[in-house]
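What follows is each chain in one-letter form.
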Amino acid sequence: MQSFYPPRRGGPEKGAPEEVWRAVSQIPRGCVTSYGQISSLLGAPWTPRLVGQALKKNPFAPEVPCHRVVRADRTLGGYFGATAFEDEKVQTKVRLLEEEGVLLERKGEAWLVRAGCFWSFPSAASAQAAGRASAQAGEGVSLYPAKRKAEG
């Protein structure tokens, strides 16, 4: 698979948005993870808020699937700066998630991603190694692994 990124020479600069985009590209289709999970994976200087800011600047969406990142409480969070559920941008995020098989549930006034759709990186070391190995091979990280079955 061809990479959406320029060739890396020794990896992206620490704190560059490309670090976040590479991590997000590892989230399987039909799953989501949180801004906090990504910041934990990448370490300093990344905070959940900075992860969100990097995703807001993602020029490769939806191929680099920033729509697969939600808040730790499983509410949707934002999409390209929009946070209101009624906003057209957030509705695009909902549509992309539902097309991938992510299940949403309503809790009071909020929409949450079902717990069974939440995904965690296996470990920081293996996720980072996967990113380095694919870059060294001149390939991009697979953006769309096999679709998982929806839970009932």
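About the cut-offs
- Residues numbered from 1 in each chain as written.
- Predicted model: local features only at pLDDT ≥ 70, side-chain atom pairs only at ≥ 80, totals over all residues.
- Heavy atoms only, no water.
- 1 Å grid on protein atoms, 1.4 Å probe; cavity = no way out; pocket = protein on both sides within 12 Å on 5 of 7 lines; lining within 4 Å.
- Points joined across faces, edges and corners; volume = space filled by probe spheres on them.
- Helix = DSSP H or I, 4+ residues; strand = E, 2+ residues; numbered from the N terminus.
- Nonpolar A, V, L, I, M, F, W, Y, C, P; charged D, E, K, R; others polar.
- Buried < 20%, exposed > 50% of the residue type's maximum accessible area, 1.4 Å probe, protein only.
- Salt bridge = Lys/Arg side-chain N within 4 Å of Asp/Glu carboxyl O.
- Axes fitted to C-alpha atoms, helices over the stretch in contact; angles between N-to-C directions.
- Parallel < 35°, antiparallel > 145°, perpendicular 65-115°, else oblique.
- Left-handed = near helix turned anticlockwise from the far one by under 90°.
- Contact = heavy atoms within 4.5 Å.
- Disulfide = S-S within 2.5 Å.
- Pairing = 2+ DSSP bridges.
- Expected span 1.5 Å × (residues − 1).
- Arc of directions from axis to C-beta.
- Polar contact = N/O pair within 3.5 Å; in protein donor to acceptor, adjacent residues only side chain to side chain.

Brief notes about the layout of surface pockets
For step 1, the next point in the chain: Here the largest pocket is characterised by a volume of approximately 380 Å³.
For step 2, the next point in the chain: Around the largest pocket, the lining is made up of 17 residues, and of these Tyr 35, Arg 49, Gly 52, Gln 53 and Gly 78 lie nearest the centre.
For step 3, the next point in the chain: Tallying contributions element by element places helix H3 (residues 48–56) first for the lining of the largest pocket, with six residues.
For step 4, the next point in the chain: Grouping the constituent residues of the lining of the largest pocket by class yields seven nonpolar, six polar and four charged.

Here's the deal with the environment of Ala 16
For step 1, the next point in the chain: Tracing the backbone shows Ala 16 in the segment before helix H1 (17–24).
For step 2, the next point in the chain: On the basis of relative accessibility, which here comes to 13%, the residue Ala 16 falls in the buried class.
For step 3, the next point in the chain: Taking the C-alpha atoms as reference points, Ala 16 and Ala 54, 38 residues apart in sequence, are found 8.2 Å from one another.

Some details on the pattern of salt bridges
For step 1, the next point in the chain: Per the counting criterion, the structure on display carries five salt bridges.
For step 2, the next point in the chain: Note that Arg 68 is salt-bridged to Glu 100, the shortest N-O span being 2.8 Å. Pair noted here: Arg 68 is in the loop between H3 and strand E2 (69–70) and Glu 100 is in the loop between helix H4 (88–99) and strand E3 (104–107), with a separation of 32 residues, a long-range link.
For step 3, the next point in the chain: Here Arg 95 and Glu 99 are joined by a salt bridge, their closest N and O atoms 3.2 Å apart. Taken together, the residues span about one helical turn, with Arg 95 and Glu 99 both in helix H4 at a distance of four residues.

Some points on the packing of H1 against helix H2 (residues 35–42)
For step 1, the next point in the chain: Interaxial distance between H1 and H2 falls to 10 Å at its minimum, and their mutual angle equals 115°. As judged from the angle between their axes, H1 and H2 are roughly perpendicular. The interaxial crossing formed by H1 with H2 has right-handed handedness. Only Ile 38, Leu 41 and Leu 42 of H2 make contact with H1, whose side of the interface consists of Glu 19, Val 20, Ala 23 and Val 24.
For step 2, the next point in the chain: Of the residues contributing to the contact of H1 with H2, the split by class is six nonpolar, no polar and one charged.

Comments concerning the environment of Pro 48
For step 1, the next point in the chain: Following the sequence through the fold, Pro 48 ends up in helix H3.
For step 2, the next point in the chain: Taking the C-alpha atoms as reference points, Pro 48 and Gln 37, eleven residues apart in sequence, are found 8.0 Å from one another.

So, the state of the cysteines
For step 1, the next point in the chain: Under the counting rule described, the total for this entry stands at zero disulfides.
For step 2, the next point in the chain: Here Cys 117 stays unpaired: no disulfide links it, and the sulfur of Cys 31, its closest cysteine neighbor, is 6.8 Å away.

A few points about the pairing of E3
For step 1, the next point in the chain: Across four bridges, the pairing between E3 and strand E4 (residues 110–113) is antiparallel. Among the inter-strand pairings, Lys 107 is bridged to a residue of E4, identified as Ala 110.
For step 2, the next point in the chain: Between E3 and E4, which pair antiparallel in sequence order, lie two residues; one of them, Gly 108, sits at a positive phi of approximately 65°.

Looking at H4
For step 1, the next point in the chain: The end-to-end C-alpha separation of H4 is 16 Å, in line with the 16 Å expected for twelve residues at 1.5 Å each.
For step 2, the next point in the chain: Buried residues of H4: Val 90, Lys 93, Val 94, Leu 96 and Leu 97, and no others. When H4 is viewed along its axis, its buried side chains cluster within an angular range of 165° and face the same direction.
For step 3, the next point in the chain: Of the residues that open H4, the one with a side-chain oxygen 2.7 Å from the backbone nitrogen of Lys 89 is Asp 87.

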